[in-house]
Amino acid sequence: MSDINKIMEEAEQAYFREDDLEKVLKLTEKAVEVEPTDIRPWDLMGVTLFETGHPEESMICFDKILELDPENNDAKLKKGQIYTELKEYSNALAILDELIENKTDRKDEAIIAKLTLNLEMEDEEAYQETLKLCKKVINEEDSKLLKDEIGFIESIHSIMENNKK
């Protein structure tokens, strides 16, 4: 097993055990030094930084992934989620819309993220428009992910609407 694979295996095990996220960061930094063009350590580092409350630093990791692989839709989706966390809604919407319009492999996740973003922004018109798209995709493509998530999202929307009254 190569050095990078050994380091990443240890980092992934530490991450999934959730025993020491600082250890994960140290290992992913080491992995980047060993192989700076390997996307795996950048991704795990970005996720860990985001989860530990460092969204700006996390964004740097996903930018690096996109520098190495401009078509990496997973990194684009994660950037959209970070922009949402930072309340940079126009940037988040731009990324999510691109993922949806280009019918990428992350389209369904982008639709869910956009529905959630519409709720956060309290934009009822945009929410209804995205909900319509979601239901269309469910009907045309039989998306299990969207089927599984739509009920939960609609419940949150209903609660929010009731709280406004």
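Remember, it's a predicted structure, so these values are computed and weren't measured experimentally.

Chemist: Hey, could you run me through a negative patch on the surface in this one?
Modeler: A contiguous patch of negative charge, built from Asp20, Glu22, Glu29 and Glu33, is present on the exposed surface. In this fold, glutamate 22 is placed in helix α2 (residues 21–34). For glutamate 22, a relative accessible area of 48% puts it in the partly exposed group.

Chemist: Teacher, can you tell me more about the environment of lysine 132 here?
Modeler: With respect to the secondary-structure elements, lysine 132 resides in helix α8 (residues 124–141). Remark: the alpha-carbon pair of lysine 132 and arginine 17, spanning 115 residues in sequence, is separated by 39 Å.

Chemist: Could you clarify how one ought to interpret helix α4 (residues 55–68) in this entry?
Modeler: Two residues of an α-helix separated by three or four positions point the same way, owing to the 3.6 residues in each turn. Compared with the 20 Å implied by 1.5 Å per residue over 14 residues, the 20 Å span of α4 between its first and last C-alpha is a close match. Buried within α4 are the following residues: Pro55, Ser58, Met59, Cys61, Phe62, Ile65 and Leu66. All buried residues of α4 lie within an arc of 160° about the axis, which places them on one face of the element. Relative to its buried face, α4 has exposed residues pointing more than 90 degrees away, namely Ile60 and Glu67. Elements in contact with the buried residues of α4: α3 (39–51) and α5 (73–85).

Basis of the calculations
- Residues numbered from 1 in each chain as written.
- Predicted model: local features only at pLDDT ≥ 70, side-chain atom pairs only at ≥ 80, totals over all residues.
- Heavy atoms only, no water.
- Patch = residues over 30% accessible without salt bridge, like charges linked within 9 Å, V, L, I, M, F, W, Y side chains within 5 Å.
- Areas by Shrake-Rupley, 256 points an atom, 1.4 Å probe, with all protein chains shown as cover.
- Salt bridge = Lys/Arg side-chain N within 4 Å of Asp/Glu carboxyl O.
- Lys, Arg positive; Asp, Glu negative; His and termini not counted.
- Charge placed at Lys NZ, Arg CZ, Asp CG, Glu CD.
- Helix = DSSP H or I, 4+ residues; strand = E, 2+ residues; numbered from the N terminus.
- Buried < 20%, exposed > 50% of the residue type's maximum accessible area, 1.4 Å probe, protein only.
- Expected span 1.5 Å × (residues − 1).
- Arc of directions from axis to C-beta.
- Contact = heavy atoms within 4.5 Å.

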